[in-house]
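# Structure at a glance
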Amino acid sequence: MVKHHEVILSAPRDLATGGAPAILQRSDEDFIEAVLAGLRDAGGRVALRASLARPASVASGSDSRPRGGKASGRELFNNLRRASRKLGLAGGRVAAVPTAGSAQDATARIEEIRRAATGESLLKLFQPIQRQFHMALMEARCDTPGEPRIDPQRVDGAGLVIRRLVRDASGRELKQGWMRSGDSLRGWVRVSTAADGAASGNRHDPDALRRLDRPSTGQPVLDDEVRLLLAAQEDALLDEAVVPMFLAPPDVCAAAGATLFYGLVPTTSSEKAEGGAPRFDEQAFGPASSDFMAHLVGPLRGLADSLPRPGRSLTPDLAAIAGNPADSDQGSMKRLLLLLRQLAVEFDAFGDHAEGDALQTLLDGIALPLADAAGKPIAGSRPAGVFLAEASRILLDGEAISPPPAIPAAWPALDGARSTALASALSACLQRRFDAVSGVAGRFDDPAARYVLRAFVRLKPEGHCPQRTVWSDYSPPFVIAPWYEGGGAPPVQVPLPDPSDREMLKKLVPNVAFTVPASLQNLLAGDPLDLMEGKKPADSGLKLGWICSFNIPIITICAFIVLNIFLSLFDLFFRWMMFIKICIPFPKKGGGE
C-alpha cells in the first residue's frame, strides 16, 4: 500500500522561522496585493519582516502605506511625549502602579510575570476600526530530501482556527475553540486532547462530518459501530470556526518556488454564543461580600434612619427638599431618594417577577412606625414594602396618588437574621437585573483574553490512502487591542468650513431635518435662563409639530467648539490634553495675503 510522506507547514522561508504561520500587520489599502508581490523573491520576503506583528510590550501600531521622507503623526507624538518627559510636564508622567485591582487584573499581572520568567512572547493584534489588518502566511512543503514544495493539485483546502487560552483551577493551560453544534452556536468550548495534538488525520479536522468519515473496513456492520462510537464522544458533533486560507496565485508560487497560502486573521466578530452571557460574580459581589454590603444604603444594611417630614402627606413636590440646603430635612430626603433609586433602578424591586415578589414580602415584614402631623410617634405601623412602592411612584415618577400616603416616623434598625435575608433577596434581584442587561458574550469580547492560531491543509486522497488533514504549529499567543487604543494609522481628517466666510455660509444650505414634537418645541422656545434654573416654560397652548432643518457642517462646528471647551475643563482633572489633542499649523491652501 502506498503511504503518504509527511508534509511540513511553516512560515514562508526568509520571512520567519518556526512551524507556525507568520502574522503580518498592515495598514495599506491594497495590502494583499503588496504582500503577494513581496512573496515572489527572497528579498521581498526579507523586506516583509518589518510588517511582522509585534510583541504587546512594544506594539503601538504602524503605518505600512508607501510614504515619502516626511515624519508621521505617530513620530511627532512620540517626540512631543519625550520632550514633555524631559520638562516634567503632565503628558510625560508615568502612571503610578495601582496598589489594588480586580481579580482579572491580578490574573493578568501573574500571567505577565510567568511570561517574563519563561521568555514567552505575547503579540498584540489590532482591530479593523483602528485601520490595521492582519494576514497569516504559510508555506507547505514535502518532508523529503530537499524539502520540495507540495503540488497545489494535491490540496483540497486550507484554513486556520483561532483558539483561546485559559487556565484551569490547577493552573494548567487549556485551549478553547469557537464551536458550533448544528444550528446552535456553542461559543468557546474546550478543545479535546486529540484535536490539540500534532498528529494528522481526519479525526482532527475541525469539521465534524470529516472527522466521522472514517475509511471503510469492508464490513458494513463494523463501520456502523465505529461511527456510533465516534458520534458518542462529547465533541464529536462540534464544528470549529474556520477562517479560510487561500492558495497564492500560480505565478507567485512559481516565482517563489514554494506553495504559499494566505488568509486574513479576524480580530472582531459579531457572533454571540447561545447561553454565553457573562456570569454574575457572586463570590466577589454576593450578599456576603463586604463590597456588596458597603454599596447598599443604610436602611438596606439594617441600619436605622430618619425620614423627611414625618407625619406629612407624601406628594411629588417634596422631592425638591433634596435641592434646598436651607431645609433641615435635606439630608434625610437625599437618603430616601437614594434608597428608592437603588430599589427601583438597580434591583428592580417593584417589578413583576419572582425575585421582586420575594423582596417585597421581606420589606413588608419591616414595620415602619407612624407619626402624627407634628411628626411625633403614634400607635400603629405601615409595611415598608407598601410605603416604598408608593414613594417610588410619587418621588421618582412624579405621580400624584389619592389619597397621598403619610410619611412614617423613621426606619427601624433590623436584627442580624433579617438583614442577612434582606441582603440575599437584594442579591437575587441584582443577579436577575445583571442577566437582563449584561447581554450575550461575543467571540472576542474579553479584553484580557489571550489567543493562538493554528493553520491546516487538507490533502486529497492518493491511491488507497485516504484524505488527511495536516496541522501547523501554534503561533505565539496574542492579545487583541481594545477598540479605543491607537492603532498607529494617521488620523482621519475632517475639513471644516470657515464660519467667518459669509459667502461660504450662503452655500451651506440645510441638508438634515428634525421632526420636533410640540412639547419639545415649547421647551426650546422658552427663556434659556429659566431652563438653566430648572423652570419649565409655560404651555403656549399650541399643539403644532415642527420640522427644523440644519446644515451638518455647522452642527459639526458647534460640536467641535463644545468639545474643545469640555476638553479644557476636564484637563484640570485628567491632565490628558498632551495625549489626545495635537494641533499643528499648516499654510493656507492657495496662498493668501
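For the structure, see preceding data.
In short, a report on the structure. (Residues numbered from 1 in each chain as written. Predicted model: local features only at pLDDT ≥ 70, side-chain atom pairs only at ≥ 80, totals over all residues. Heavy atoms only, no water.)

Summing up its helical and strand segments, the chain has 19 helices and 20 strands in all. Within the chain, buried positions represent 36% of all 593 residues. Looking at the chain as shown, the accessible area adds up to about 34200 Å², and 59% of this sits on carbon and sulfur atoms. (Helix = DSSP H or I, 4+ residues; strand = E, 2+ residues; numbered from the N terminus. Buried < 20%, exposed > 50% of the residue type's maximum accessible area, 1.4 Å probe, protein only. Areas by Shrake-Rupley, 256 points an atom, 1.4 Å probe, with all protein chains shown as cover.)

This part takes up the nonpolar core. Counting residues in each nonpolar core, the largest one holds 38 residues, and the members touching the most others are Leu300, Leu359 and Leu426. For this core, the secondary structure elements donating two or more residues are α11 (330-346), α12 (354-364), α13 (384-396) and α14 (416-437). Setting aside residues no more than four positions away along its own chain, Leu300 makes contact with Leu339, Gln342, Leu343, Phe347, Leu422 and Leu426. Counting 33 residues, the second-largest nonpolar core is a separate cluster that includes Met138, Ile150, Val155 and Phe478. (Core = buried A, V, L, I, M, F, W, Y, C linked by side-chain atoms within 4.5 Å. Contact = heavy atoms within 4.5 Å.)

Along the chain, Gln132 falls in the loop between β3 (123-125) and β4 (133-142). Given a relative accessible area of 1%, Gln132 falls into the buried group. Reaching out from Gln132, the side chain makes a polar contact with the backbone oxygen of Gly487 at a distance of 2.6 Å. (Polar contact = N/O pair within 3.5 Å; in protein donor to acceptor, adjacent residues only side chain to side chain.)

Applying the stated rule across the entire model yields 15 aromatic pairs. Aromatic pair Phe514 and Phe550: ring centres 5.8 Å apart, planes at 65 degrees, arrangement edge-to-face. Pair noted here: Phe514 is in strand β19 (residues 512-516) and Phe550 is in strand β20 (residues 546-550), with a separation of 36 residues, a long-range link. Put simply, the rings of Trp178, Trp188, Phe444, Tyr451 and Phe478 pair up and form one aromatic cluster. Over the face of the ring belonging to Trp471 we find Arg163, whose NZ or CZ atom lies 5.4 Å from the ring centre. (Phe/Tyr/Trp six-rings, centres within 6.5 Å; stacked < 30°, edge-to-face > 60°. Lys NZ or Arg CZ within 6 Å of the ring centre and 35° of its normal.)

Turning our eyes to something else, we now look at the packing of α11 against α13. Axis angle and axis distance: for two packed helices, these are the angle between their axes and the distance between the axes, and together they describe the pair. For the pair α11 and α13, interaxial distance at closest approach is 10 Å and the crossing angle is 105 degrees. By the angle between their axes, α11 is roughly perpendicular relative to α13. Residues Met333, Leu336, Leu337, Leu339, Leu340, Arg341, Leu343 and Ala344 of α11 form the contact with α13, whose own contacting residues are Leu388, Ala391, Ser392, Leu395 and Leu396. In the contact of α11 with α13, the residues fall into 11 nonpolar, one polar and one charged. (Axes fitted to C-alpha atoms, helices over the stretch in contact; angles between N-to-C directions. Parallel < 35°, antiparallel > 145°, perpendicular 65-115°, else oblique. Nonpolar A, V, L, I, M, F, W, Y, C, P; charged D, E, K, R; others polar.)

Moving on, we get to the environment of Phe292. Counting through the fold element by element, Phe292 comes out in helix α10 (residues 290-295). Once the C-alpha coordinates of Phe292 and Ser427 are considered, the two residues, 135 residues apart in sequence, prove to be 8.5 Å apart. When neighbours within four sequence positions are excluded, Phe292 is seen to be in contact with Phe285, Gly286, Pro287, Phe347, Ala423, Leu426, Ser427 and Leu430.

Turning to α12, its buried residues are Gly356, Leu359, Gln360 and Leu363. Taken end-on, α12 shows its buried residues confined to a sector of 105 degrees, consistent with a single buried face. In α12, the exposed residues that point more than 90 degrees away from the buried face are Ala354 and Thr361. Buried residues in α12 make contact with α11, β14 (377-383), α13, β15 (410-411) and α14. (Arc of directions from axis to C-beta.)

A few words now on the pairing of strand β11 (residues 259-264). Side chains on a regular strand alternate between the two faces of the sheet. In terms of burial, β11 is largely enclosed, as five of its six residues are buried. As judged from the six bridges shared by β4 and β11, these two strands associate in the antiparallel manner. By the bridge assignment for β11, Leu137 is matched with Tyr262. (Pairing = 2+ DSSP bridges.)

With 22 residues, α14 extends 31 Å from end C-alpha to end C-alpha; this agrees with the ideal 32 Å at 1.5 Å per step. Restricting attention to buried positions, one finds in α14 the residues Ser419, Leu422, Ala423, Ala425, Leu426, Ser427, Cys429 and Leu430. Structurally, α14 contributes buried residues whose contacts are with α9 (282-285), α10, α11 and α12. Where α14 begins, one side-chain oxygen reaches toward the backbone nitrogen of Ala417, 3.4 Å away; that side chain belongs to Asp415. After α14 finishes, the residue Gly439 shows a positive phi value of roughly 80 degrees. (Expected span 1.5 Å × (residues − 1).)

Here we come to the pattern of salt bridges. Scanning the model with the defined rule gives 26 salt bridges in all. Notably, a salt bridge pairs Arg167 with Glu173, separated by 3.6 Å at the nearest N-O pair. According to the relative accessible area criterion, Arg167 is partly exposed, its value standing at 33%. A salt bridge links Asp205 to Arg458; the shortest N-O distance between them is 2.6 Å. With a gap of 253 residues between them, Asp205 in the loop between α5 (193-196) and α6 (208-212) and Arg458 in strand β16 (residues 450-459) connect regions that are remote in the sequence. What makes Asp205 buried here is its relative accessible area of 2%. By sharing partners, the salt bridges in this structure join Arg13, Glu139, Arg141 and Glu147 into a single network. (Salt bridge = Lys/Arg side-chain N within 4 Å of Asp/Glu carboxyl O.)

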